[in-house]
Amino acid sequence: MIANLAKWWQTMKIGWTTLMAYRLNFVLLVLGPALVFYFVKISLWQALYVDDSIVLQGFNLKEMLHYQSWSLVIVLLAQSSNGVNLSEDIRLGRISKYMVYPFNFWEFHTASFLSFQTLQIVIAGICLSLLFVLDIVVVDNYSHLIIGIAYSLFVGFFWFSVQYFTGLMAFWLDETWTMRAVFQIIVNFLSGAVIPLPFFPTWAQDILVYTPFPSLTYTPIRIFMGDLSGLYQGVATLAISIICMAVINTLVWKKGVRLFSAAGM
């Protein structure tokens, strides 16, 4: 057990070293897309709310800006990892080394994800502090803040399981970035990251209740804003989804390895 934990720790240290080797590139990779998307959404909603007295689906302008700001924090905590390195390992034949290493493929990439996630917590914390100082977000209850952060990190494990799956598609696809981009767009729309779910038609809300999408963004935002009503359902939905993805990933990996050939690598 101790030896195995040491392997995880050393892999995480390698991950930190790799990520911080080019600090500017890391910051731009993580913060760039999130901030651009955030300011696009802020501009959009400010244009829709022509004055502060307008209330749309229970949201006034200030509440909507709070909502979108919490969405940014959740993106930084949960949705910044991707399967690029994983898919490159497969496409370039680097997975051959994992066949002989004492640390297998999923363990290495999970440890790398954890190292990435710890850095994300720091970045999200700095971003949240700035939003708080600028009075863009309001923290009324710090217990809700802690619960929201813990929940968002749990969402991060679901995102990792999905990104792991898209990375494994490199066994059959030359490039997997299209799949990741399409999934990201779909999730951003259906999870309430762009438009809060109350703005959706009633029939669409009734359908989305039975999917993991609201649990990824809308539920943690409501937690941060003081509403814990969807917490238990969200945790259960994420847990079931992560288990299902783990089973799928295991089956896909076994199928892909049987077809994999690294001759000449």
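In what follows, the structure referred to is the one given above.
The paragraphs below set out a description of the structure included in this document.

**Notes on the packing of helix H6 (residues 142–168) against helix H11 (residues 231–259)**
The angle between the axes and the distance between the axes are what describe a pair of packed helices. Orientation of H6 relative to H11, taken along the N-to-C sense of each, is 20°, at an axis distance of 9 Å. Classed by the angle they form, the pair H6 and H11 counts as roughly parallel. In this structure, the crossing between H6 and H11 has a hand that is left-handed. Between H6 and H11, the residues in contact are Ile147, Tyr151, Phe154, Val155, Phe157, Phe158, Ser161, Val162, Tyr164, Phe165 and Leu168 and Leu231, Gly234, Val235, Leu238, Ala239, Ser241, Ile242, Met245, Ile248, Asn249, Val252 and Trp253, respectively.

**Some words on the nonpolar core**
Soluble globular proteins tend to pack their nonpolar side chains together in the buried interior. One finds Trp70, Val155 and Phe158 to be the most contacted residues of the largest nonpolar core, which totals 45 residues. Elements represented by at least two residues in this core include exactly helix H2 (23–48), helix H3 (61–78), helix H5 (105–133), H6, helix H8 (202–208), helix H9 (213–216), helix H10 (218–224) and H11. Among the elements that line this core, the one with the most residues is H3, at twelve residues. Not counting the four nearest positions on each side in its chain, Phe158 is found in contact with Leu216, Leu238, Ser241, Ile242 and Met245. By size, the runner-up hydrophobic cluster in this structure holds 13 residues, among which are Tyr98, Phe113, Tyr164 and Phe171.

**Observations regarding a nonpolar patch on the surface**
There is a patch of nonpolar side chains on the surface, built from Val122, Ile126, Leu130 and Leu134 and spanning about 410 Å² of accessible area. Mapped onto the fold, Val122 is located in helix H5.

**Observations concerning the environment of Ser71**
For Ser71, the position within the fold is in helix H3. Sequence separation of Ser71 and Thr217 is 146 residues, and the distance between their C-alpha atoms is 6.8 Å. Discounting chain neighbours no more than four positions away, the residues touching Ser71 are Lys41, Ala193, Thr217 and Ile221.

**Here we look at the side chain of His66**
Along the polypeptide, His66 turns up in helix H3. Those residues in contact with His66, other than ones at most four positions away along the chain, are Asp135, Ile136, Val137, Val138 and Met225.

Calculation rules
Residues numbered from 1 in each chain as written. Predicted model: local features only at pLDDT ≥ 70, side-chain atom pairs only at ≥ 80, totals over all residues. Heavy atoms only, no water. Axes fitted to C-alpha atoms, helices over the stretch in contact; angles between N-to-C directions. Helix = DSSP H or I, 4+ residues; strand = E, 2+ residues; numbered from the N terminus. Parallel < 35°, antiparallel > 145°, perpendicular 65-115°, else oblique. Left-handed = near helix turned anticlockwise from the far one by under 90°. Contact = heavy atoms within 4.5 Å. Core = buried A, V, L, I, M, F, W, Y, C linked by side-chain atoms within 4.5 Å. Buried < 20%, exposed > 50% of the residue type's maximum accessible area, 1.4 Å probe, protein only. Patch = residues over 30% accessible without salt bridge, like charges linked within 9 Å, V, L, I, M, F, W, Y side chains within 5 Å. Areas by Shrake-Rupley, 256 points an atom, 1.4 Å probe, with all protein chains shown as cover. Salt bridge = Lys/Arg side-chain N within 4 Å of Asp/Glu carboxyl O.

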